[in-house]
Amino acid sequence: MINIDLFYFINHTLQNPLFDFIMPFLTELGSFVAMLAACLIVIILSVIYKKPHIKRIALLCLFSLLLADGIALILKSTILEPRPFVALDNVHLLVVENDPSAFPSGHTTSTFAVLSVLVFKFKHNLWSAVLILFSIVIGFSRIYVGVHYPLDVLAGCIIGVLSAYFAYRYEDKIFSFFNGVVGVFKKIV
């Protein structure tokens, strides 16, 4: 019941023209496509400008993103929780959403998966606060625009942070495995 009450509080009580204008744009910044594009752009630029350290971090972000969104996709396909605008009356819906499954929030998962890697790697208080705040805003926006319950967002946050921690914790093993696979591929070709 708290999940639905909190959903209506964010989706209705906090409703205002400024958020109605901003949230549909903000929410898309956390999509899998936006996070994937950001990772790929940074990887390409780091290769062009010969920044191997940045490339490594961007690849780690990409790994975390793919891991987290893979987990989220499996959960969405298994749990099949209907979105609030399907299950509830009087939802203030601000975006078009074609995926019928709500749990967990993919946008929140993607955002936390990528940005948490940066928080773990850089450990800079100001930037960490900005990245965490941005991730929370993305999660909040998913509720505000009417497509997720608070627990969907919380689950996405947890999956994203755990995937990022896994990537961070096992960074050397991940790159060792990746380099081994690339080495085998080069021998075949």
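These notes cover the structure that comes with them. Please read all numbers here as calculations on a predicted model, not as lab measurements.

1. Things to note about helix H4 (residues 52-79)
Taking 1.5 Å of rise per residue, 28 residues should cover 40 Å, and H4 covers 40 Å from first to last C-alpha, within 8% of that figure. Listing the buried residues of H4 in full gives Ile57, Ala58, Leu60, Cys61, Leu62, Ser64, Leu65, Ala68, Asp69, Ala72 and Lys76. Leu80 lies just past H4 and shows a positive phi near 55°.

2. Digging into the packing of helix H3 (residues 32-48) against helix H6 (residues 106-122)
For the pair H3 and H6, the least separation of the axes is 8 Å and the interaxial angle reads 25°. One way to sum up the angle between H3 and H6 is to call them roughly parallel. Mapping the contact onto sequence places Phe32, Met35 and Cys39 in H3 and Ser110, Thr111 and Val114 in H6. Residues belonging to the contact of H3 with H6 are distributed by class as follows: four nonpolar, two polar and no charged.

3. Topic: the nonpolar core
Counting residues in each nonpolar core, the largest one holds 19 residues, and the members touching the most others are Cys61, Val114 and Leu118. Those residues within four positions of Val114 in sequence are excluded, and the remaining contacts are Met35, Cys39, Cys61 and Leu65. Core analysis: the second largest hydrophobic core is formed by 12 residues, Ile10, Val95, Val147 and Val153 among them.

4. Observations concerning unusual backbone geometry
Cis geometry is adopted by the peptide bond preceding Pro104, which originates at Phe103 and carries an omega value of -5°. By the secondary structure assignment, Pro104 is in the loop between helix H5 (84-87) and H6. In this structure, Leu80 is a non-glycine residue whose phi angle is positive, near 55°. Relative to the assigned elements, Leu80 resides in the loop between H4 and H5.

5. Quick word on the pattern of salt bridges
Taken as a whole and assessed by the stated rule, the structure comprises seven salt bridges. In this structure, Asp172 and Arg56 form a salt bridge, with 2.9 Å as the shortest nitrogen-oxygen distance. Of this pair, Asp172 sits in helix H9 (residues 171-188) while Arg56 sits in helix H4; the two residues are 116 residues apart in sequence, bridging distant segments of the chain. Among the salt bridges present, the one from Glu171 reaches Lys121, with a minimum N-O distance of 2.8 Å. Of this pair, Glu171 sits in helix H9 while Lys121 sits in helix H6, and the two are 50 residues apart along the sequence.

What counts, and at which threshold
- Here the residue numbers are simple positions, counted from 1 along each chain's written sequence.
- Restriction of local features to residues with pLDDT of at least 70 applies here, the model being predicted, together with a cutoff of 80 or more for giving and counting side-chain atom pairs; totals for whole chains, interfaces and linings are based on all residues.
- Processing note: side-chain calculations cover all non-hydrogen atoms of the structure and skip hydrogens and water entirely.
- Segments assigned H or I by DSSP are reported as helices when at least four residues long, segments assigned E as strands when at least two residues long, and all are numbered from the N terminus.
- What a helix is expected to span follows from its residue count: subtract one and scale by 1.5 Å.
- Working definition: with a 1.4 Å probe on protein chains only, accessible area under 20% of the residue-type maximum means buried, over 50% means exposed, and in between means partly exposed.
- Orientation is described by axes fitted as lines to C-alpha atoms, over the contacting stretch for helices, and by angles from 0 to 180 degrees between their N-to-C directions.
- Just so you know how the angles are binned, under 35 degrees is roughly parallel, over 145 roughly antiparallel, 65 to 115 roughly perpendicular, and the rest oblique.
- Any two residues having at least one pair of non-hydrogen atoms within 4.5 Å are treated as being in contact.
- Throughout, the ten residues Ala, Val, Leu, Ile, Met, Phe, Trp, Tyr, Cys and Pro are labelled nonpolar, Asp, Glu, Lys and Arg are labelled charged, and all others, Gly among them, are labelled polar.
- Among buried residues, those of type Ala, Val, Leu, Ile, Met, Phe, Trp, Tyr and Cys that are joined through side-chain atoms within 4.5 Å constitute a nonpolar core.
- One speaks of a salt bridge when a side-chain nitrogen belonging to Lys or Arg is within 4 Å of a carboxyl oxygen belonging to Asp or Glu.

On their own, these measurements won't tell you what the molecule is for.
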